[in-house]
Amino acid sequence: MLVQLLIGFILAAIVGLLGWRLGALTRGGAAGAFLIGGAVFGFGGPTWGAILAVFFASSSFFSYFRRQDKVGVAGEFAKSSRRDLGQTLANGGVAALLAIGVGIVTRESPWYPTLTLAYFGALSAATADTWATELGVLSSRPPRLITTGEVVTTGRSGAVSFLGTLASLAGGAFIGISAFILIQMASLLSTGSWFLQDWFLIPLCTLAGLLGSLFDSLLGATWQRMYYCNTCQTITEQTQHECGHPTRSIRGISWLGNDQVNFLTTVVGALSAALVGLLFL
Ligand SMILES: [Zn+2]
């Protein structure tokens, strides 16, 4: 366990530094990636660590994907594509806590399979939500609020589009397929035979990703705190608008910002995968 923890934190340090050098993470984001990656690999092992890497690499890729097109469409959306400490903890915090949980109960525990499914579910939700946000914003048709169906501007929290929903399904499925392939590889290496009974991970992760994203949109349309810029007459998530003027609070729960919503999104992904997964264990 100690050796695995050491390797985990060394690998996480390398990934964090690379992410920072390549502009995918701020310094705080690199520190967050170090803590999360080290805990996930150290306590969860290589398969867990590899799934985290799949999430991180694919999400960073889609943040860069057609970046120029995104800047024009949605001023609101066009924050820096660098993930900071809050964002990395919001997306990976639940995954890291589940890994620590596995470190405490150990792999022999009857809880291990459920904790593993919850872990895959948390990352499915984080991936699905990131893909939906990064690709949905490229939709040629304006999105609608998930609650009222009102057509709103691209990039608004709580807005959904056909393209974004498709992207969220693909994101969850991508984690499920990656997990299935990695488990086959691990099984072939350790026992010399396949472990095909884990096929259900693919639909399960797709479902967890979709439920997480829908929950994220629902909170974004209702209880997430929102501000208003009087100068630009636009709704924003920031206390200081990008035009430089301070904004005023217009609705939502004061502590429920974007990071808190993303954290709860991964909680929903973890719970739905663990609960629905009981049917297959
Ligand atoms: Zn403004």
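Residues numbered from 1 in each chain as written. Predicted model: local features only at pLDDT ≥ 70, side-chain atom pairs only at ≥ 80, totals over all residues.

**Section: the overall build of the protein**
Here is the rule we go by: Runs of E in the DSSP output that reach at least two residues are strands. Runs of H or I that reach at least four are helices, and both are numbered from the N terminus. We take the radius of gyration over the C-alpha atoms and set the globule estimate at 2.2 Å times the residue count to the 0.38 power. Three exposure classes are used. Buried residues have 20 or more other C-beta atoms within 10 Å of their own C-beta, exposed residues have 12 or fewer, and partly exposed residues fall in between, all C-beta atoms being placed from the backbone. Throughout, a residue-residue contact means that the two C-beta atoms, derived from backbone geometry, are no farther apart than 7 Å.
Helices and strands together make up the secondary structure of the protein, namely nine helices and five strands. Reading the protein from its N end, one meets helices and strands in the order α-α-α-α-α-α-β-β-α-α-β-β-β-α. Computed over its C-alpha atoms, the radius of gyration of the protein comes to 19 Å, within 12% of the 19 Å expected for a compact globule of 281 residues. C-alpha atoms of the protein, sized along the principal axes, occupy 65 × 35 × 35 Å. Here the protein, with 281 residues, has 44% of them falling under the buried criterion. Of all intrachain contacts in the protein linking residues separated by at least 6 positions in sequence, the fraction that spans at least 24 positions is 72%.

**Let's talk about helix α7 (residues 162-191)**
Heads up, the condition is: In this scheme, a helix's expected span is set at 1.5 Å multiplied by one less than its residue total.
For α7, spanning 30 residues, the distance from its first C-alpha to its last is 43 Å, which sits close to the expected 44 Å at 1.5 Å a residue. Within the span of α7, buried status applies to G164, T165, A167, S168, G171, G172, A173, F174, I175, G176, S178 and A179. In this structure, the buried side of α7 is in contact with α3 (46-64), α6 (112-136), β2 (159-160) and α8 (201-221). G192, located one to two residues past α7, shows a positive phi value of around 80 degrees.

**Focus on the pairing of strand β3 (residues 226-229)**
This is how it is decided: When DSSP locates at least two bridges between a pair of strands, those strands are taken to pair.
In the sheet, β3 pairs with strand β5 (residues 248-251) via three bridges, with the strands oriented antiparallel. Residue Y228 lies in a different strand from β5, and its bridge partner there is R248. Bridge count for β3 against strand β4 (residues 234-236) is three bridges, and the pairing is antiparallel. Bridge pairing in β4 places Y228 opposite I235. Connecting β3 to the next strand, β4, in antiparallel fashion are four residues, including Q233 with a positive phi near 50 degrees.

**A few points about unusual backbone geometry**
In this model, T106 sits at a positive phi of 70 degrees, which is unusual for a non-glycine residue. Relative to the helices and strands, T106 resides in the loop between α5 (85-105) and α6. Taking the number of C-beta atoms within 10 Å as the measure of exposure, T106 has 11 and is therefore exposed. Located in the positive-phi region is Q233, a residue other than glycine, with phi close to 50 degrees. You can see Q233 is positioned in the loop between β3 and β4. For Q233, a count of 7 C-beta atoms within 10 Å gives the class exposed.

**As for the packing of α5 against helix α9 (residues 258-277)**
Two measures define how a pair of helices packs: the angle their axes make with one another and the distance between the axes. Inclusion rule: Interaxial angles span 0 to 180 degrees and are taken between N-to-C directions of axes, which are lines fitted to C-alpha atoms, for helices over the stretch in contact. Any angle that falls under 35 degrees is termed roughly parallel, while one over 145 is termed roughly antiparallel, one within 65 to 115 roughly perpendicular, and all others oblique. Handedness of a crossing follows from how the near helix is turned relative to the far one, being left-handed for an anticlockwise turn of less than a right angle and right-handed for a clockwise one.
As a packed pair, α5 and α9 sit with axes 8 Å apart at the nearest point and diverge in direction by 25 degrees. Overall, the two elements α5 and α9 adopt an arrangement that is roughly parallel. In this structure, α5 crosses over α9, and the sense of that crossing is right-handed. Taking contact as the criterion, the partners of G86, Q87, A90, N91, G93, V94 and L98 in α5 are, on α9, D259, N262, F263, T266, V267 and A270.

**Quick word on helix α1 (residues 2-21)**
Count 3.6 residues to each turn of an α-helix, and residues three or four apart come out pointing the same way. Note the cut-off: The arc refers to the directions leading from the helix axis to the C-beta atoms.
In this model α1 runs 29 Å from its N-terminal to its C-terminal C-alpha over 20 residues, within 8% of the 28 Å that 1.5 Å per residue would give. Those residues of α1 lying buried are G8, A12, V15, G16 and G19. One side of α1 carries all its buried residues, which in axial view fall inside an arc of 100 degrees. What points out from α1, more than 90 degrees from its buried face, is the exposed set L2, V3, L6, I14 and R21. Considering only its buried residues, α1 is in contact with α2 (27-44) and α3. Phi turns positive, to about 85 degrees, at G23, one or two residues after α1.

**Re the sheet that holds β3**
Strands in a sheet are paired, the pairing made by backbone hydrogen bonds, and the direction either parallel or antiparallel. Strand order in the open sheet made by the three strands is β4-β3-β5, with antiparallel pairing throughout. In the strand order of this sheet, the two ends are held by β4 and β5, each with one partner. Taking the axes of each pair of neighbouring strands and ignoring which way they run, one obtains an average angle of 45 degrees across the sheet.

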